[in-house]
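The lines below spell out each chain.
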Amino acid sequence: VTGAWKAQIPGRDGQMREMMFTFKVDGETLTGTVGAGQNAAQITNGKVSGDDISFTVVRSFGGNEVKMLYTGKVSGDEIKFTQTREGSDRKVEFTAKKS
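As the structure is a computational prediction, the values presented were derived from the model and not from experiment.

Cut-offs and rules
Residues numbered from 1 in each chain as written. Predicted model: local features only at pLDDT ≥ 70, side-chain atom pairs only at ≥ 80, totals over all residues. Heavy atoms only, no water. Helix = DSSP H or I, 4+ residues; strand = E, 2+ residues; numbered from the N terminus. Contact = heavy atoms within 4.5 Å. Patch = residues over 30% accessible without salt bridge, like charges linked within 9 Å, V, L, I, M, F, W, Y side chains within 5 Å. Areas by Shrake-Rupley, 256 points an atom, 1.4 Å probe, with all protein chains shown as cover. Salt bridge = Lys/Arg side-chain N within 4 Å of Asp/Glu carboxyl O. Lys, Arg positive; Asp, Glu negative; His and termini not counted. Charge placed at Lys NZ, Arg CZ, Asp CG, Glu CD. Core = buried A, V, L, I, M, F, W, Y, C linked by side-chain atoms within 4.5 Å. Buried < 20%, exposed > 50% of the residue type's maximum accessible area, 1.4 Å probe, protein only.

Visitor: So what exactly am I meant to see when it comes to the side chain of Thr 33 here?
Guide: Secondary-structure assignment places Thr 33 in strand S3 (residues 29–34). If we ignore the near neighbours within four places in the chain, the residues touching Thr 33 are Met 20, Phe 21, Thr 22, Ala 40, Ala 41, Gln 42 and Ile 43.

Have a look at this one:
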């Protein structure tokens, strides 16, 4: 899992946007960032258990904190993710590929 991953994620407007993930695994602990450059956000609560990974990303929009929860299943050079916003039922599914 350690390394750089790239995904195309559908936005609310239906447009696809590219998202970069940079992961580092130490035992069962996952750290890293989501996004790139100045837009990169730190991963918190990252865990790895077998093929399963999970983490949280907190971003600030207009002074409001938004928590995004990610769960994924690793299979070779792909991770199938489900992304949910804390407090929302909306789920976004996407696949990240190792880059």
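Visitor: Explain the environment of Val 34 to me, please; I cannot follow it from the model alone.
Guide: With respect to the helices and strands, Val 34 occurs in strand S3. Expressed as a C-alpha distance, the spacing of Val 34 and Thr 22, which sit twelve residues apart in the sequence, is 6.5 Å.

Visitor: Is there a simple way to think about a positive patch on the surface in this case?
Guide: A surface patch of positive charge is lined by Arg 12, Arg 17, Arg 85 and Arg 90. With respect to the helices and strands, Arg 85 occurs in strand S7 (residues 78–85).

Visitor: Would you explain the nonpolar core in this entry?
Guide: One recurring pattern in soluble globular proteins: nonpolar side chains tend to sit buried together. Within the largest apolar cluster, 23 residues are counted, with the highest numbers of intra-cluster contacts made by Phe 21, Phe 23, Ile 53, Phe 55, Tyr 70 and Phe 81. Listing elements by their share of this core, those giving two or more residues are strand S1 (3–10), strand S2 (16–26), S3, strand S4 (41–49), strand S5 (52–61), strand S6 (64–75), S7 and strand S8 (91–98). When residues in this core are grouped by element, the largest group, four residues, is from S6. Once residues lying within four places of it in the same chain are set aside, the contact partners of Ile 53 are Val 1, Phe 23, Leu 30, Lys 47, Val 48, Tyr 70, Thr 71, Gly 72, Val 74, Ile 79 and Phe 81.

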